[in-house]
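Read off the chains here:
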Amino acid sequence: MIDAAKGKLRSVVVGLGSYLPKRIVSNADLEKSLDTTDEWIVQRTGIRQRHVAAEDEPTSILGLNAARAALADAGLTADDIDLVIVATSTPDYTFPAVATQIQAGLGMHHGAAFDLQAVCSGFIFAVATADKFLVSGSHKRALVIGAETFSRLLDWNDRTTCVLFGDGAAAIVLEATPSAGTSSDRGVLTSHLRSDGRHREKLYVDGGPSSTKTTGVLRMAGREVFRHAVGMVTDVVTEAFAATGTTAEDLDWFVPHQANRRIIDASAEKLGIDARKVVITVDMHGNTSAASIPLALAVARDDGRIKRGDLVMIEAMGGGFTWASALIRW
């Protein structure tokens, strides 16, 4: 368990920004090249469209645009940041890290920058990691970015997987802020991270520099992923409630990983969360892996739903398996 309640500092969200590629691929577009239909995709996933990056838009460019938007939203510059963490499974290169490329793109020559890979749970893992740095007092402000170009990992002839994913990026600025150490504080209140490597074959990419010397493509046993997902995410959400003395009724917003509408609905129902409190963007973005939660946060903040002081639960489950939750007072 990672719980900042014992410290005198909280990691408070002071900025939020996002970036989506201009190209939108609808289900109708996919019907032209795949044996599928809009009705089939929507019924099974809730997805209606996804954004796909241009050839000259690698993950670092998406992340850099999101980072700039988050800094502008916070009224800060790169000089005010001393930590950059990028959650991604689709780096531009094996190395250097996407985070260092974004750091350079921001004109930043100080602090630390590194990538973190936990697939769809990556953004929460990155938030939890940044929180540790900030509440320890070692760093003051962190850019936490989820950025993905999953379109580069897809077999576009496999209708069971290529219809699910999209590209995008979003970022938050976290700032170490003195607090009272209670669940009424603004900031990251608690986070819970899990993984179990026995499930690799259920969701993985069949390539890599050390194994095949290729990028590979995504492979997924969809029914198996669904079967595990609801139980895993409800487990870590329940732990977050227990750690903070809160309940589903206390939540203002539930912002889950946007992978599949049926998983989201089943998880919310099992947790007793009112459907009106659930933020859904999977219809617009598809599954953008580590970018999915911050993109959903950006949509809900920008349209006026998420407001200062709101209690927001984020959760995700991804390949590995990895799964995680974090409770944040906005």
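Everything numeric here is computed off the predicted structure, so don't read it as measured data. (Residues numbered from 1 in each chain as written. Predicted model: local features only at pLDDT ≥ 70, side-chain atom pairs only at ≥ 80, totals over all residues. Heavy atoms only, no water.)

Quick look at the UniProt feature "domain: Beta-ketoacyl-[acyl-carrier-protein] synthase III N-terminal" (unreviewed entry) in the chain
The line we're drawing: UniProt positions are given in the numbering used here, feature names are shortened, and annotations may be inferred rather than shown by experiment. Starting at the N terminus, helices and strands are each numbered in turn, a helix being any DSSP run of H or I of at least four residues and a strand any DSSP run of E of at least two.
According to UniProt, the positions carrying the feature "domain: Beta-ketoacyl-[acyl-carrier-protein] synthase III N-terminal" (unreviewed entry) are residues 114–197. Annotation note: span residues 114–197, helix share 17%, strand share 39%, distance between end C-alpha atoms 23 Å.

Focus on the side chain of Asp82
In plain terms, the rule: Only protein chains enter the accessibility calculation, which uses a 1.4 Å probe. A residue is then buried if its area is under 20% of the maximum for its type, exposed if over 50%, and partly exposed in between. Note that His is not counted, nor are the chain ends; the positive residues are Lys and Arg, and the negative ones are Asp and Glu. Every case where a carboxyl oxygen of Asp or Glu lies within 4 Å of a side-chain nitrogen of Lys or Arg is listed as a salt bridge.
With respect to the helices and strands, Asp82 occurs in the loop between α3 (59–74) and β5 (83–87). There is no salt bridge for the buried Asp82, and the closest opposite charge comes from Arg141, which lies 7.1 Å off by N-O distance.

Quick look at the state of the cysteines
What counts is decided by this rule: Disulfides are defined as pairs of cysteine sulfur atoms found within 2.5 Å of each other.
Enumeration over the complete set of coordinates arrives at zero disulfides. Summary of cysteine pairing: Cys120 is not part of a disulfide, and the nearest cysteine sulfur, belonging to Cys162, is at 16 Å. Among the residues examined, Cys162 registers a relative accessible area of 0% and is labelled buried.

Let's talk about the side chain of Gln258
Selection rule: Contacts described as polar in this section are N or O atom pairs within 3.5 Å, which, within protein, must combine one atom able to donate a hydrogen with one able to accept it, while residues neighboring in sequence count only if both atoms come from side chains.
Tracing the backbone through its elements, the reader meets Gln258 in the loop between β12 (253–256) and α7 (261–271). The exposure class of Gln258 is buried, given its relative accessible area of 1%. A polar contact is formed between the side chain of Gln258 and the backbone oxygen of Val279, at a distance of 3.0 Å.

Looking at unusual backbone geometry
Going from Phe95 to Pro96, the amide bond is cis rather than trans, its omega being 10°. Tracing the chain through its elements places Pro96 in the loop between β5 and α4 (98–105). Note the cis peptide between Gly320 and Phe321, where omega equals -10°. With respect to the secondary-structure elements, Phe321 resides in the loop between β13 (311–318) and β14 (322–329). Residues other than glycine seldom take positive phi values, yet Lys213 does so here, at roughly 60°. Tracing the backbone shows Lys213 in the loop between β10 (203–205) and β11 (218–220). A relative accessible area of 76% places Lys213 in the exposed class. Located in the positive-phi region is Ser289, a residue other than glycine, with phi close to 50°.

So, the sheet that holds strand β6 (residues 112–116)
Keep this limit in mind: Whether two strands pair comes down to DSSP finding at least two bridges between them. The convention used is that axes are lines fitted to C-alpha atoms, helices contributing only their stretch in contact, and that angles between N-to-C directions extend from 0 to 180 degrees. Here, residues are in contact when the closest pair of their heavy atoms is within 4.5 Å.
Strand order in this open sheet of five strands is β2-β8-β7-β5-β6, and the pairing throughout is mixed. Edge positions in the open sheet fall to β2 (9–19) and β6, since each of these has one partner strand only. Each adjacent strand pair in this sheet contributes to an overall mean axis angle of 20°, direction not counted. As paired elements, β5 and strand β7 (residues 141–149) share five bridges and run parallel to each other. Bridge pairing in β7 links Val84 to Leu143. Most of the contacts of α4 go to β6, to which it runs at about 140°, and overall it touches β5, β6 and β7. Helix α5 (residues 122–135) contacts β2, β5, β6, β7 and β8 (167–178) of the sheet and is inclined by roughly 165° relative to β7.

A word on the nonpolar core
Which entries qualify depends on this criterion: Here the nonpolar core consists of buried residues drawn from Ala, Val, Leu, Ile, Met, Phe, Trp, Tyr and Cys, with membership extended through side-chain atoms lying within 4.5 Å. Start and end positions for the domains come from either an automated domain assignment or a database one.
In this structure, Leu251, Phe254, Ile273, Met313 and Met317 are the most contacted members of the largest nonpolar core, which totals 44 residues. Elements with a minimum of two residues in this core: α6 (222–244), α7, β13 and β14. Per-element tally for this core: the top contributor is α6, with nine residues. Counting residues domain by domain, this core receives three or more from each of domain 1 (9–178) and domain 2 (187–329). With residues near it in sequence (within four places) discarded, Met317 still touches Cys120, Ser121, Val225, His228, Ala229, Met232, Val233, His257, Thr322 and Trp323. Membership of the second largest hydrophobic core comes to 37 residues, among which are Ala118, Ile124, Ala126 and Ala130.

What to know about the UniProt feature "active site" (unreviewed entry) in the chain
Formally: Here a cavity is any set of points on a 1 Å grid over the protein atoms alone where a 1.4 Å probe fits but cannot get out, and a pocket is any open set with protein on both sides within 12 Å along at least 5 of 7 lines; a residue lines the site when it has an atom within 4 Å of a point.
Taken from the UniProt record, the annotation "active site" (unreviewed entry) applies to Cys120, His257 and Asn287. In summary, the annotated positions, though distributed over 168 residues, converge in three dimensions, the widest C-alpha pair being only 8.6 Å. Looking only at the residues we just named, the largest pocket is lined by Cys120. Within the element layout of this structure, Cys120 appears in the loop between β6 and α5. Among the structural elements, His257 can be located in the loop between β12 and α7. Classification of His257 by relative accessible area gives buried; the value is 7%. When sequence neighbours within four positions are dropped, the list of residues in contact with His257 reads Cys120, Ile264, Asn287, Ser289, Ser292, Ile293, Glu315, Ala316 and Met317.

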